[in-house]
Amino acid sequence: MPARVPAETRIGHIHLKVTDLERSIAFYGDVLGFTLTQRYGDQAAFLAAGDYHHHIGLNTWHSAGAGPAPVRAAGLYHSAFLFPDRASLGAALQRVLDHGTALDGAADHGVSEAVYFRDPDGNGVELYRDKPTAEWPRAADGTLEMVNNRLDVPALLAEAA
């Protein structure tokens, strides 16, 4: 039998190599709304939602002044941040757009609603909210049937908290 992790297991944080620490702190802090919890001089920082020690680590240990990672290479596709409801997702999206960040896409996946864009270093970012499990699209045998439908972005923004 294959090994299984407990169902309660969650991804605790991401740690990104960035080229400009101050710019990344401003983006993840001021634009996305995470709080700076700790700094290690001019080389690393940690940010969080609420009172957690960190959800995002940023460092320039191997990347200060470097260019973005190549698109056609193995590595992180995107980090995804789960919001508790549609209103808070809409508010976060409004901050992203107000910052002048262009969207790469927006989708209704049946199980969730998501928007996609890039951080200042070109790292993919997804902001999303899950729909109630009773609304998830399922096949006759009960398996998930996720979709990639157009998300009504103006309606999402209208619900911003």
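That block above? That's the structure.
Keep in mind that what you see is a predicted model, and the values were worked out from it rather than measured.

S.K.: Pulling in residues and values, what's your account of the pattern of salt bridges?
M.R.: Following the criterion strictly, the structure yields seven salt bridges and no others. Taking the shortest distance from any N to any O, the salt bridge between Asp-121 and Arg-23 comes out at 2.9 Å. In this pair, Asp-121 is assigned in the loop between strand S7 (112-118) and strand S8 (124-130) and Arg-23 in helix H1 (residues 21-31), connecting sequence segments 98 residues apart. Here Arg-23 falls in the partly exposed class, since its relative accessible area comes to 37%. As a salt-bridge pair, Glu-113 and Arg-129 come within 2.9 Å of each other at their nearest N and O atoms.

S.K.: Quick one: what's the story with the nonpolar core, residue by residue and with numbers?
M.R.: One recurring pattern in soluble globular proteins: nonpolar side chains tend to sit buried together. By size, the foremost hydrophobic cluster in this structure holds 28 residues, and its most contacted members are Tyr-28, Leu-32, Ile-56, Leu-58, Phe-81, Phe-117 and Leu-127. Top element by residues in this core is H1. It accounts for five residues.

Definitions and cut-offs
Residues numbered from 1 in each chain as written. Predicted model: local features only at pLDDT ≥ 70, side-chain atom pairs only at ≥ 80, totals over all residues. Heavy atoms only, no water. Salt bridge = Lys/Arg side-chain N within 4 Å of Asp/Glu carboxyl O. Helix = DSSP H or I, 4+ residues; strand = E, 2+ residues; numbered from the N terminus. Buried < 20%, exposed > 50% of the residue type's maximum accessible area, 1.4 Å probe, protein only. Core = buried A, V, L, I, M, F, W, Y, C linked by side-chain atoms within 4.5 Å.

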